[in-house]
Amino acid sequence: PLNDRAVEVLGEIPKSNKSDYIFASPVNDGAPIKEIKAAFQKALKDAGIKNFRFHDLRHTFASHYQMATNDQTGLSELLGHKTTAMTRRYTHLSLKHKKDGVDALCERLYKTATKLPQANPNKKEAEA
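What comes next concerns the included structure. Quantities reported herein were computed from a predicted structural model and do not represent experimental measurements.

Brief notes about the overall build of the protein
When you go through the protein residue by residue, the secondary structure sums to seven helices and zero strands. Tracing the protein from N to C terminus, the helices and strands come up as α-α-α-α-α-α-α. Buried positions account for 16% of the 128 residues belonging to the protein. Of the roughly 11,100 Å² that the protein leaves accessible, carbon and sulfur atoms contribute 57%.

As structure tokens, this is what we get:
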């Protein structure tokens, strides 16, 4: 599914008089564009991006979705995977995301530890 912002951006693309397609060929009477390899390679070159494949966008989506939602089941459905094991191969959590998780765990453990009753070291001395 597309989010509202994506639909809005796609709606802002001027349509050709020859076609109802959003991505229509300007040289082929408004026929749908079916091949984007050359345009994608040009965009990568113009942006100075090297060693990147179109399929890498799928990994990027999976990683960001997982970090934003922590919804492995939903991500598996969106990617069309039958198993969450396959989905895990697509998610690459950022170092910051992992560090934030460890920091959150540390904070939770610290709060739990400080709520525990504290032993009174003077109690043993007073009983002796």
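Once you've had a look at it, read on.
Brief notes about the pattern of salt bridges
Counted under the stated rule, the structure contains five salt bridges. In this structure, Asp-100 engages Lys-96 in a salt bridge whose closest nitrogen and oxygen atoms are separated by 2.7 Å. On the criterion of helical spacing, the pair formed by Asp-100 and Lys-96 is a turn pair, its members being four residues apart in helix H6 (residues 95-115). Taking the relative accessible area as the measure of exposure, Asp-100 reaches 37% and is therefore partly exposed. A relative accessible area of 57% places Lys-96 in the exposed class.

Let's talk about the packing of aromatic side chains
By the definition in use, this model includes three aromatic pairs. When the ring of Phe-40 is compared with that of Phe-54, the centres are 5.1 Å apart and the planes differ by 80°; the resulting orientation is edge-to-face. With Phe-40 in helix H2 (residues 37-47) and Phe-54 in the loop between H2 and helix H3 (56-69), the pair connects residues that are 14 residues apart, well separated along the chain. With 5.7 Å between their ring centres and 35° between their planes, Phe-61 and Tyr-65 make a pair best called tilted. Pair noted here: Phe-61 and Tyr-65 are both in helix H3, with a separation of four residues, about one helical turn.

Thoughts on a nonpolar patch on the surface
A cluster of nonpolar side chains, contributed by Ile-22, Phe-23, Ile-33, Ile-36, Phe-54 and Leu-57, occupies part of the molecular surface with about 550 Å² of accessible area. Topologically, Ile-22 is positioned in the loop between helix H1 (4-11) and H2. On the basis of relative accessibility, which here comes to 35%, the residue Ile-22 falls in the partly exposed class.

Concerning the packing of H3 against helix H4 (residues 72-79)
Relative to each other, H3 and H4 sit at 160°, their axes nearing to 10 Å. In this view, H3 runs roughly antiparallel relative to H4, as classed from their interaxial angle. H3 and H4 meet at a crossing whose hand is right-handed. Contact residues: Arg-58, Phe-61, Ala-62, Tyr-65 and Gln-66 in H3; Gln-72, Gly-74, Leu-75, Leu-78 and Leu-79 in H4.

Some words on the side chain of Thr-91
Examined against the element boundaries, Thr-91 turns out to sit in the loop between helix H5 (84-90) and H6. With relative accessibility at 15%, the residue Thr-91 sits in the buried group. A polar side-chain atom of Thr-91 sits 3.2 Å from the main-chain carbonyl oxygen of Arg-88. If near-sequence neighbours (up to four positions away) are discounted, Thr-91 is found in contact with Ala-62, Ser-63, Gln-66 and Leu-75.

Reading the values: rules and limits
Residues numbered from 1 in each chain as written. Predicted model: local features only at pLDDT ≥ 70, side-chain atom pairs only at ≥ 80, totals over all residues. Heavy atoms only, no water. Helix = DSSP H or I, 4+ residues; strand = E, 2+ residues; numbered from the N terminus. Buried < 20%, exposed > 50% of the residue type's maximum accessible area, 1.4 Å probe, protein only. Areas by Shrake-Rupley, 256 points an atom, 1.4 Å probe, with all protein chains shown as cover. Salt bridge = Lys/Arg side-chain N within 4 Å of Asp/Glu carboxyl O. Phe/Tyr/Trp six-rings, centres within 6.5 Å; stacked < 30°, edge-to-face > 60°. Patch = residues over 30% accessible without salt bridge, like charges linked within 9 Å, V, L, I, M, F, W, Y side chains within 5 Å. Axes fitted to C-alpha atoms, helices over the stretch in contact; angles between N-to-C directions. Parallel < 35°, antiparallel > 145°, perpendicular 65-115°, else oblique. Left-handed = near helix turned anticlockwise from the far one by under 90°. Contact = heavy atoms within 4.5 Å. Polar contact = N/O pair within 3.5 Å; in protein donor to acceptor, adjacent residues only side chain to side chain.

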